[in-house]
Amino acid sequence: MTTIAVPAGSPFGLDNLPYGVFSTPGTGPRVGVRVADSVVDLAATLGDAVFARPSLNAFMAQGRARWDEVRRRVADLAAGELPDEAVHPVLAVTMHRPFDVADYVDFYASEHHATNLGRILRPDSEPLLPNWKHLPVGYHGRAGTVVVTGTDVVRPCGQRTSEGGPVFGPSQRLDIEAELGFVVGTPLPLGSRVSTAEFADHVFGAVLVNDWSARDIQAWEYQPLGPHLGKSFATSISAWVVPLQALEAARVAGPVQEPQVLPYLAEQEDWGLDIDLAVSWNGQVVSRPVYREMYWSPAQMLAHLTVNGAATNTGDLYASGTISGPGRHERGALIEITWGGRDPVDVAGRPSTFLEDGDEVTISATAPGAAGGRIGFGDVTGRILPAVDLPA
Ligand code: MN
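Everything numeric here is computed off the predicted structure, so don't read it as measured data.

A. Representation of the pattern of salt bridges in the model. Considering all chains together, one arrives at 20 salt bridges under this definition. Close ionic contact of Arg 66 with Glu 69 constitutes a salt bridge, the shortest N to O distance being 3.3 Å. In this pair, Arg 66 and Glu 69 are both assigned in helix H3 (residues 64-79), three residues apart and thus about one turn of the helix distant. The closest approach of N and O atoms between Asp 152 and Arg 383, which form a salt bridge, is 3.4 Å. Taken as a pair, Asp 152 in the loop between strand S10 (146-148) and strand S11 (153-154) and Arg 383 in strand S28 (residues 374-385) lie far apart in primary sequence, 231 residues in all. Judged by its relative accessible area of 34%, Arg 383 is partly exposed. In the salt-bridge network here, residues are joined through shared partners; they are Asp 175, Glu 177, Asp 211, Arg 215 and Lys 231.

B. Layout of the side chain of Ser 23. Inspection of the secondary structure assignment puts Ser 23 in strand S2 (residues 19-23). Classification of Ser 23 as buried rests on a relative accessible area of 8%. Looking at Ser 23, its side chain comes within polar contact range of the side chain of His 96, at 2.7 Å.

C. Quick peek at the pairing of S28. Examined bridge by bridge, S11 and S28 share two bridges and lie parallel to one another. Across the sheet, residue Val 153 finds its bridge partner in S28, namely Ile 384. Bridge count between strand S27 (residues 360-368) and S28: eight bridges; the pairing is antiparallel. Within S28, the position partnered with Thr 366 by the bridge is Gly 376. Hairpin remark: S27 followed by S28, antiparallel, with five residues in the connecting loop; positive phi at Gly 372, about 100 degrees.

D. Fine view of the coordination of the manganese ion. Looking at the manganese ion, the protein donor atoms are Asp 106 (OD), Glu 177 (OE), Glu 179 (OE) and Asp 211 (OD), and they sit 2.1 Å from it. In primary sequence terms, the donor set of the manganese ion follows D-x70-E-x1-E-x31-D. With Asp 106 in strand S8 (residues 104-107) and Asp 211 in the loop between strand S16 (203-210) and strand S17 (213-214), this residue pair connects regions lying 105 residues apart in the sequence. Residue Asp 106 shares its accessibility class with Asp 211, and that shared class is buried.

E. Layout of the nonpolar core. Core analysis: the largest hydrophobic core is formed by 59 residues, its most contacted members being Leu 180, Leu 247, Ile 275, Tyr 291, Tyr 318 and Phe 377. Other than its neighbours up to four places away in sequence, Leu 180 contacts Ala 206, Val 207, Leu 208, Val 209, Leu 273, Ile 275, Tyr 291, Tyr 318, Ala 319, Ser 320, Ile 323 and Phe 377.

F. A look at a nonpolar patch on the surface. Together, Val 154, Val 388 and Leu 390 make up an exposed nonpolar region whose accessible area comes to about 280 Å². Along the chain, Val 388 turns up in the segment after S28. Looking at Val 388, the relative accessible area reads 47%, which means it is partly exposed.

G. How the structure looks around the sheet that holds strand S7 (residues 94-96). One open sheet holds the five strands; their spatial order is S6-S4-S3-S2-S7, and the pairing between them is antiparallel. Either end of the sheet is taken by a strand with one partner, and the two such strands are strand S6 (87-89) and S7. The sheet shows a mean angle of 45 degrees between the axes of neighbouring strands, taken without regard to direction.

H. Spotlight on unusual backbone geometry. The omega torsion across Gln 223 and Pro 224 is 5 degrees, close enough to zero to call that bond cis. If you trace the backbone, Pro 224 turns up in the loop between helix H6 (215-221) and strand S18 (235-237). Notably, Asn 282 is not glycine yet its phi reads approximately 50 degrees, a positive angle. Position of Asn 282 among the secondary structure elements: in the loop between strand S22 (276-281) and strand S23 (284-287). What makes Asn 282 partly exposed here is its relative accessible area of 32%.

I. The environment of Val 241, seen in detail. When you line up the elements, Val 241 lands in the loop between S18 and strand S19 (242-243). On the basis of relative accessibility, which here comes to 0%, the residue Val 241 falls in the buried class. Leaving out residues up to four positions away in the same chain, Val 241 has contacts with Pro 18, Tyr 19, Leu 56, Pro 98, Phe 99, Val 183, Phe 204, Gly 205, Ala 206 and Val 207.

Procedures and definitions
Residues numbered from 1 in each chain as written. Predicted model: local features only at pLDDT ≥ 70, side-chain atom pairs only at ≥ 80, totals over all residues. Heavy atoms only, no water. Salt bridge = Lys/Arg side-chain N within 4 Å of Asp/Glu carboxyl O. Helix = DSSP H or I, 4+ residues; strand = E, 2+ residues; numbered from the N terminus. Buried < 20%, exposed > 50% of the residue type's maximum accessible area, 1.4 Å probe, protein only. Polar contact = N/O pair within 3.5 Å; in protein donor to acceptor, adjacent residues only side chain to side chain. Pairing = 2+ DSSP bridges. Donors = N, O, S within 2.8 Å, 3.2 Å for Na, K, Ca; no water. Core = buried A, V, L, I, M, F, W, Y, C linked by side-chain atoms within 4.5 Å. Contact = heavy atoms within 4.5 Å. Patch = residues over 30% accessible without salt bridge, like charges linked within 9 Å, V, L, I, M, F, W, Y side chains within 5 Å. Areas by Shrake-Rupley, 256 points an atom, 1.4 Å probe, with all protein chains shown as cover. Axes fitted to C-alpha atoms, helices over the stretch in contact; angles between N-to-C directions.

This is the structure:
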């Protein structure tokens, strides 16, 4: 038997207990829980086949009462003695994408981000479009290209404008978007709605998201139907899903919403989240976005997503949109930090605007935990590989 030592200040203490999917050499992917620097094999510990699967989906589909029950059991077990074969050093395991992504939607919930983008892209008009304060604006992304942290990102090719007309080639304005993603556990059939009060019955937890964005491809294609190939080449998520229960101590009131929103978007409980992010570019922190300033809450986003009766499925992922605060170094996208490429930032001595081949970006985050310290999300990392010339 073994006991897991949890050092004081560990972001993976017993008040966090995030879920992931891991494998060890010679064994298949299965569900584990992170405790300090260890991964606890849930199939081996609890003897339940739902955790022997290579994704969290079957467990997430069991619903909130079951999530609460398992969390209590895991907290008890992790505090005591565990079978040796059920505990692995986190450095000795391979992490996999933690859930099968059903649908993927990306919102645009930061007023600072939407205002900055409006000013950069449409300098002669009002930065926020007339709908922005009445509904959480979003678009449908590509679920099939959501990848786990550590997956390399090949620079996409596509169309961009030039003085002589559109040209095809590798993106020259490759960017990031630091976001938080919410994972639906409990599904609902077509013709149902999830009210803002029902958010915690449906959403299992949260991950970090990097919504890689090719700004030149996006700028040429996005009107009138929104982003498409400028985003769909890759979206990275962190390996650990932080359960909603672990975020209780991070809940705060969101900003005052004026004008008042329509009744179906009215917040019943506070679902603003006091989460601090850090964006590092080739190892240098270039931004510290704060989630607590987000205008639209995740409960409002889900209520909006389903108000037309759209079905939700286990594994649906919806992301917040770029998280930006008011300061330059609180912005979650390079297009904002560099103001469209006008104001380079220093990255280890290199004046930088957009991503170069070989660059690596890591987004991490922490939040207040129930034990008085901070809990961690781990991180989402990706490295840019050169564009690949596809056969005609
Ligand atoms: Mn985005």
